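Here's the letter readout for the chains.
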Amino acid sequence: MSIALIFPGQGSQQVGMGRALADSFAVARAVFEEVDAALGESLSATIFEGPEDKLTLTANAQPALMAVSLATLRVLEAEAGLDVARNAAFVAGHSLGEYSALAAAGSLTVSDAARLLRIRGDAMQKAVPVGEGAMAALLGLDLEAARAVAAEAAEGDVCQAANDNAPGQVVVSGAKAAIERALVIAKSKGAKRAVLLPVSAPFHCALMQPAADVMREALAGVKIVAPKAPLVANVTASPLTDPEDIRKRLVEQVTGAVRWRESVGFMAGAGVTRFIEIGAGKVLSGLVKRIADGATGEAVGSPDDIERLKTDGAFGAS
């Protein structure tokens, strides 16, 4: 059974995530301590205790989700015998989860991933004044139909498909007025639902160019090595192993679409039958079941989940 490790993106955060792992396992505590040290503050206190509005801030949610994913991964390595190089055919992550995937595969250090995600979160928040951008989920339309809606709604403003999450689930992003027009147009074109998302900025569209420029500079100063398992990149939906290619695609990812449906489809087509979502929530494992017929998606983020994988010998551990 071929395995892919997948890592959640923004929206999966919740106060208290990862706390049971930190309470139970020293290797998990060490990850949170490393992230706190890298950021010069106790982000772990916000993760474990809240308040929720502080955790939800983009600049906190992004490194927090990575910390929980890497804490979970370290426990899987220590307790369930996970070896990324041996066990994972691919790694992939949704948006910020791409940084988690790269840290999991040894391409970035946890400290560098935390610092980059803090910079990324800040830059994405500041790229567009609050209230000027928006994102909306178009349910029941495929990617081509959603792109047509975005093109019609633009009227000179930025409006583009930002996340192709699963069949019939596409998110559009751009100027608020254009997104509001897209809601109306989508419904007229047969969308089952078209709803504004509770996000603080219009991610993964051209309005994020200032943030892409910040990340180009930030990434230029960070060491990236070849990952232990190929990264299936958001913007290409194909595997990457070259460090300079990875660096380039991480910059492009800020303004580019997250091609999640195609990424999972690629991995399934390459023989992956088991997708293990590592960290907070169950969003990606749920999407897997809608994308890849016959593949399983499972979420791992608690001591009980670790024990289950240890017991079933998922990674060849006894």
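The sections below set out a description of the structure shown in this document. As the structure is a computational prediction, the values presented were derived from the model and not from experiment. (Residues numbered from 1 in each chain as written. Predicted model: local features only at pLDDT ≥ 70, side-chain atom pairs only at ≥ 80, totals over all residues. Heavy atoms only, no water.)

**Section: the overall build of the protein**
Move 1: The secondary structure content of the protein amounts to 15 helices and 10 strands.
Move 2: Its C-alpha atoms give the protein a radius of gyration of 19 Å, near enough to 20 Å, the size a compact globule of 318 residues would have.
Move 3: If one aligns the C-alpha atoms of the protein with their principal axes, the spans along those axes are about 60 × 45 × 35 Å.
Move 4: The buried share among the 318 residues of the protein stands at 57%.
Move 5: Once local pairs closer than 6 in sequence are excluded, the contacts in the protein between residues at least 24 apart make up 74%.
Move 6: Carbon and sulfur atoms provide 51% of the accessible area of the protein, an area that totals close to 12300 Å².
Move 7: Treating the 30 positive side-chain charges of the protein as one cloud and the 36 negative ones as another, the clouds have centres 2 Å apart. (Helix = DSSP H or I, 4+ residues; strand = E, 2+ residues; numbered from the N terminus. Rg over C-alpha atoms; globule rule 2.2 N^0.38 Å. Buried < 20%, exposed > 50% of the residue type's maximum accessible area, 1.4 Å probe, protein only. Contact = heavy atoms within 4.5 Å. Areas by Shrake-Rupley, 256 points an atom, 1.4 Å probe, with all protein chains shown as cover. Lys, Arg positive; Asp, Glu negative; His and termini not counted. Charge placed at Lys NZ, Arg CZ, Asp CG, Glu CD.)

**Notes on the packing of aromatic side chains**
Aromatic ring pairs are reported here in terms of the distance separating the ring centres and the angle at which the planes meet.
Move 1: Enumeration over the complete set of coordinates arrives at 2 aromatic pairs.
Move 2: A centroid spacing of 5.5 Å and a plane angle of 70 degrees characterise the contact between Phe 90 and Phe 266, whose relative ring orientation is edge-to-face. With Phe 90 in strand S2 (residues 88-93) and Phe 266 in helix H13 (residues 260-269), this residue pair connects regions lying 176 residues apart in the sequence.
Move 3: Judged by its relative accessible area of 10%, Phe 90 is buried.
Move 4: Owing to a relative accessible area of 29%, Phe 266 belongs among the partly exposed residues under this scheme. (Phe/Tyr/Trp six-rings, centres within 6.5 Å; stacked < 30°, edge-to-face > 60°.)

**Points about the side chain of Gln 169**
Move 1: By the secondary structure assignment, Gln 169 is in strand S5 (residues 169-175).
Move 2: In this structure, Gln 169 is in contact with Leu 138, Leu 139, Leu 141, Asn 163, Asp 164, Leu 287 and Arg 290, ignoring residues within four places of it in sequence.

**Quick look at helix H14 (residues 283-291)**
Move 1: The complete set of buried residues in H14 reads Leu 284, Ser 285, Leu 287, Val 288 and Ile 291. Down the axis of H14, the buried set is contained in an arc of 155 degrees. They therefore lie on one face.
Move 2: The inward-facing, buried residues of H14 abut strand S1 (2-7), strand S4 (159-166), S5, H13, strand S9 (272-278) and strand S10 (296-300). (Arc of directions from axis to C-beta.)

**What to know about the pairing of S10**
Move 1: Across the 5 residues that make up S10, a large majority, 4, are buried.
Move 2: Summarising the sheet, S9 and S10 pair through 5 bridges and their orientation is parallel. Residue pairing across strands places Ile 278 opposite Val 300, the latter belonging to S10.
Move 3: For the crossover that starts at S9, traverses H14 and ends in the parallel S10, the hand is right-handed. (Pairing = 2+ DSSP bridges. Right-handed = clockwise from strand over helix to strand, strands pointing away.)

**Structural notes on the environment of Ala 145**
Move 1: Counting through the fold element by element, Ala 145 comes out in helix H9 (residues 143-154).
Move 2: Classification of Ala 145 by relative accessible area gives partly exposed; the value is 26%.
Move 3: Sequence spacing of Ala 145 and Ala 191 is 46 residues, and the spatial spacing of their C-alpha atoms is 9.4 Å.

**Considering the state of the cysteines**
Move 1: Within the structure shown, the criterion is met by 0 disulfides.
Move 2: Among the cysteines around Cys 159, which has no disulfide bond, Cys 205 carries the closest sulfur, lying 8.6 Å off.
Move 3: What makes Cys 159 buried here is its relative accessible area of 10%.
Move 4: The buried category is assigned to Cys 205, whose relative accessible area is 0%. (Disulfide = S-S within 2.5 Å.)

**Some thoughts on helix H11 (residues 209-220)**
Move 1: Between the first and last C-alpha of H11 there are 17 Å, a value that for 12 residues agrees with the 16 Å anticipated at 1.5 Å per step.
Move 2: Every buried residue of H11 is accounted for by Ala 211, Ala 212, Met 215, Ala 218 and Leu 219. One side of H11 carries all its buried residues, which in axial view fall inside an arc of 125 degrees. In H11, the exposed positions that point more than 90 degrees away from the buried face belong to Glu 217 and Ala 220.
Move 3: In this structure, the buried side of H11 is in contact with helix H7 (97-104), helix H8 (110-126) and helix H12 (243-255). (Expected span 1.5 Å × (residues − 1).)

**Digging into unusual backbone geometry**
Move 1: The residue after Gly 50, namely Pro 51, is reached through a cis peptide bond having omega 5 degrees.
Move 2: Here Pro 51 lies in the loop between helix H3 (43-49) and helix H4 (52-56).
Move 3: Of note in the backbone geometry, Ala 237 takes a positive phi value of approximately 55 degrees without being a glycine.
Move 4: Inspection of the secondary structure assignment puts Ala 237 in the loop between strand S7 (231-232) and strand S8 (239-240).
Move 5: Given a relative accessible area of 10%, Ala 237 falls into the buried group.

**Side note on the sheet that holds S5**
Move 1: Ordered by their spatial adjacency, 4 strands build an open sheet running S4-S5-S3-S6, and the pairing between neighbours is antiparallel. In this open sheet, the two strands that pair with only one neighbour each are S4 and strand S6 (193-196). For this sheet the average axis-to-axis angle between neighbouring strands, irrespective of direction, equals 20 degrees.
Move 2: Sheet analysis places strand S3 (residues 133-139) next to S6, joined by 4 bridges and oriented antiparallel. Looking at the pairing, Ala 136 lines up with Leu 196 of S6.
Move 3: The sheet strands contacting H9 are S3, S4 and S5, and the helix crosses S4 at an angle near 160 degrees. (Axes fitted to C-alpha atoms, helices over the stretch in contact; angles between N-to-C directions.)

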